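So the chains spell out like this:
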Amino acid sequence: SNIGANVTTTGTQTYTGAVTLSGGDRTLTGSTINTQSTLAGGSNALTITGAADIDGAFTGLTTLSVSGTSNIGANVTTSGTQTYSGAVTVSAASTLSTTNSDVTLGSSLTLADNLTITTGAGAGDIVVTGAIDGAKALSLSAGTGAITLSGTVGQSTRLGALILNSSGTTTLAQSVKAASVTSN
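Residues numbered from 1 in each chain as written. Predicted model: local features only at pLDDT ≥ 70, side-chain atom pairs only at ≥ 80, totals over all residues. Heavy atoms only, no water.

Tallying secondary structure elements over the protein chain gives zero helices and 22 strands in all. Relative to its length of 184 residues, the protein chain is compact, with a C-alpha radius of gyration of 16 Å against a globular reference of 16 Å. A total of 184 residues make up the protein chain; the buried ones form 42% of that total. Across the protein chain, contacts joining residues at least 24 apart in sequence account for 11% of those joining residues at least 6 apart. About 7,100 Å² of surface is accessible on the protein chain, with carbon and sulfur atoms providing 49% of the total. Distance between charge centroids for the protein chain: 10 Å, based on 4 positive and 7 negative side chains. (Helix = DSSP H or I, 4+ residues; strand = E, 2+ residues; numbered from the N terminus. Rg over C-alpha atoms; globule rule 2.2 N^0.38 Å. Buried < 20%, exposed > 50% of the residue type's maximum accessible area, 1.4 Å probe, protein only. Contact = heavy atoms within 4.5 Å. Areas by Shrake-Rupley, 256 points an atom, 1.4 Å probe, with all protein chains shown as cover. Lys, Arg positive; Asp, Glu negative; His and termini not counted. Charge placed at Lys NZ, Arg CZ, Asp CG, Glu CD.)

Let us look at the pairing of strand S5 (residues 26-35). Moving residue by residue along a regular strand, the side chains alternate between the two faces of the sheet. As paired strands, strand S2 (residues 7-8) and S5 are joined by two bridges and run parallel to one another. Within S5, the position partnered with Thr8 by the bridge is Thr29. Examined bridge by bridge, strand S3 (residues 13-15) and S5 share three bridges and lie parallel to one another. By the bridge assignment, Tyr15 is partnered in S5 with Thr35. Examined bridge by bridge, S5 and strand S6 (residues 39-54) share eight bridges and lie parallel to one another. Looking across to S6, one finds that Thr32 is bridged to Ala51. (Pairing = 2+ DSSP bridges.)

Right under this line is the structure:
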């Protein structure tokens, strides 16, 4: 599918094949936006108003913003910020990466599989506002940016490895339970 305009539905939008954004920044509005294959951003921003079910890699986006819950089952790469306002579940091993820009998870994070978040070598903060749970690995690399985990970590289900790499400030605001914790 080539999406050259904003798309609004009252229900679910399901894209089974590869998706390309063209002609500018795009907004997809619906109850759930499900991408079952790759999404090529074409150097455009993508706003998802509703829930996101990401089953294919997202590449070539300037920014990504999701207003609802997110089920992340593939890698997401942006040159700018990534913002996930609702609860995030990682359903398959994934990497969220930016180029010296922030990654913000505005609610809880559940790890059904491993997650790596990297913001590049320069400034780019990683913020997780809610609780983090799941017996999988979480690796956060923020370059010169800060890492802030505001909620409890591993309280319901102890995390596997927790890896925190940043030459900026790392803040663990509440208790942490993990099989191992590594920080530089």
